[in-house]
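Secondary and tertiary structure notes
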Amino acid sequence: MNYLFSALIILLSLFLGGLFLFTAFVAMRVRMGLPPEGRFVTIMGNRMHYLEQGTSRDGAPTIVMIHGLGGVAQNFSYSVLGELARDHRVIAIDRPGSGYSLRHPKSSASLSVQADVVAGMIDALGLGKPLIVGHSLGGAVALATALRYPDKVAGLALVAPLTHMPSETSKAFAALQVSWPWLRRLVAWTLATPGSILQREKVMDIVFGPESVPKDFPVRGGGLLGLRPSQFIAASEDMNALPDVLPLMQQQYTSLTLPISVLYGREDRILDYREQGEAMAEAAPNVELELISGGHMLPVTQPEVTAQFIRRHKAL
């Protein structure tokens, strides 16, 4: 019996060791193939990576873009950032822990702390009073920033935003529901990367559907960066931190007086436009809701529509 138990332990160790080596190899290849494209600034101990293009004309406000859960700044630089940069200064942020931004080991993933980091970047980069664009979870971060720092924000343009606690978690993000930090890191360095590769088509169909995933999204849109264990850890931390702040935020939306525009696809498979978009329009004043045919990844699948939506914002 002891011999059998020892053999099982050895086999399990070899299996996990093989998964670890495979994950490390994939992460190295991704870093080599998709190195950082932007600049870095340290905010509250977080080493923040951001992309910047364009120059504001005629005193137009800077545009700050915040990506969603598991996303990266390249989700915007895929097309929308360049379009808006023709006549605006545009900053696309890798949220703490995502892309090439490093979250301080002792920093919280709560929306409040992420809002503090965004406000810190506004000050550090001299962005004045920008229009903040938030996609998906980035929409919740944008709302948290406006609630905590109303004097630093000109307006919000939210694309498929998370505004309320969802009634259920999308199957695309089910693997992120790991609450224990030690288990989260174990999964990140063993099962997450090979699992993502094996389940890619199924997950991408949910995330992008009913629209197609562009063939160049893995590189041009930064999709391959999601294969790194650091990306899994950050996304899991982000999702598990939502209940700490988002329900309280929902009670404060009536205090928002700045102009807010919301764009939602009716066929969104990640977030329900009624539960998120329509609920936001009912909860806060000065909210303009625009519904179109489309899925969740509008900045990638419909960049022209997304850019036009942002350009129509009252703050611009």
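Residues numbered from 1 in each chain as written. Predicted model: local features only at pLDDT ≥ 70, side-chain atom pairs only at ≥ 80, totals over all residues. Heavy atoms only, no water.

1. Some remarks on the packing of aromatic side chains
For any two aromatic rings, the description comes down to two numbers: the centre-to-centre distance and the angle of the planes. For the structure on display, the rule yields three aromatic pairs. Each ring, one from Phe 20 and one from Trp 189, has its centre 5.3 Å from the other, and the planes form 35 degrees; the classification is tilted. Note that Phe 20 is positioned in helix α1 (residues 2–33) and Trp 189 in the loop between α6 (181–188) and α7 (192–198), a separation of 169 residues in sequence. Ring centres of Trp 180 and Trp 182 lie 6.1 Å apart, and the angle between their planes is 15 degrees; on these two criteria the pair is classed as stacked. When sorted by exposure, Trp 180 lands in the same class as Trp 182, which is exposed. Sitting over the face of the ring of Phe 40, Arg 47 holds its NZ or CZ atom 3.8 Å from the ring centroid. It is Arg 220 that lies over the ring of Tyr 78; its NZ or CZ is 4.1 Å from the centre. (Phe/Tyr/Trp six-rings, centres within 6.5 Å; stacked < 30°, edge-to-face > 60°. Helix = DSSP H or I, 4+ residues; strand = E, 2+ residues; numbered from the N terminus. Buried < 20%, exposed > 50% of the residue type's maximum accessible area, 1.4 Å probe, protein only. Lys NZ or Arg CZ within 6 Å of the ring centre and 35° of its normal.)

2. Quick word on helix α8 (residues 200–208)
Taken together, the buried positions of α8 are Met 204, Ile 206, Val 207 and Phe 208. Elements in contact with the buried residues of α8: α9 (217–220) and α12 (298–301). (Contact = heavy atoms within 4.5 Å.)

3. Side note on helix α5 (residues 137–148)
Because each turn of an α-helix spans 3.6 residues, side chains separated by three or four positions end up pointing in the same direction. Helix length check: α5 (twelve residues) gives 17 Å between terminal C-alpha atoms against 16 Å at 1.5 Å per residue, within 8%. For α5, every residue scored as buried is listed here: Leu 137, Gly 138, Gly 139, Ala 140, Val 141, Ala 142, Leu 143, Ala 144, Thr 145, Ala 146 and Leu 147. If you follow the buried residues of α5, they end up packed against β3 (63–66), α4 (111–124), β5 (131–135), β6 (155–159), α10 (229–250) and α11 (273–283). (Expected span 1.5 Å × (residues − 1).)

4. Remarks on the packing of α4 against α10
At a closest axis distance of 8 Å, the pairing of α4 and α10 adopts a crossing angle of 90 degrees. Taken together, the axes of α4 and α10 lie roughly perpendicular to each other. Along the contact surface, α4 presents Leu 111, Ser 112 and Gln 114, while α10 presents Asp 238, Leu 242, Val 245, Leu 246 and Met 249. (Axes fitted to C-alpha atoms, helices over the stretch in contact; angles between N-to-C directions. Parallel < 35°, antiparallel > 145°, perpendicular 65-115°, else oblique.)

5. Some thoughts on a nonpolar patch on the surface
On the surface, a nonpolar cluster with roughly 300 Å² of combined accessible area is contributed by Phe 20, Leu 21 and Trp 189. Residue classification places Phe 20 among the partly exposed residues on the basis of a relative accessible area of 40%. (Patch = residues over 30% accessible without salt bridge, like charges linked within 9 Å, V, L, I, M, F, W, Y side chains within 5 Å. Areas by Shrake-Rupley, 256 points an atom, 1.4 Å probe, with all protein chains shown as cover. Salt bridge = Lys/Arg side-chain N within 4 Å of Asp/Glu carboxyl O.)

6. Re unusual backbone geometry
Note that the residue after Gly 209, namely Pro 210, is joined by a cis bond; omega there is 5 degrees. Within the fold, Pro 210 resides in the loop between α8 and α9. The residue Met 44 is not glycine, and still its phi comes out positive at about 55 degrees. Along the chain, the position of Met 44 falls in the loop between β1 (39–43) and β2 (46–53). Positioned with a positive phi, Asn 286 is a non-glycine residue whose angle comes to about 60 degrees. Residue Asn 286 is classed as partly exposed on the basis of its relative accessible area, which comes to 45%.

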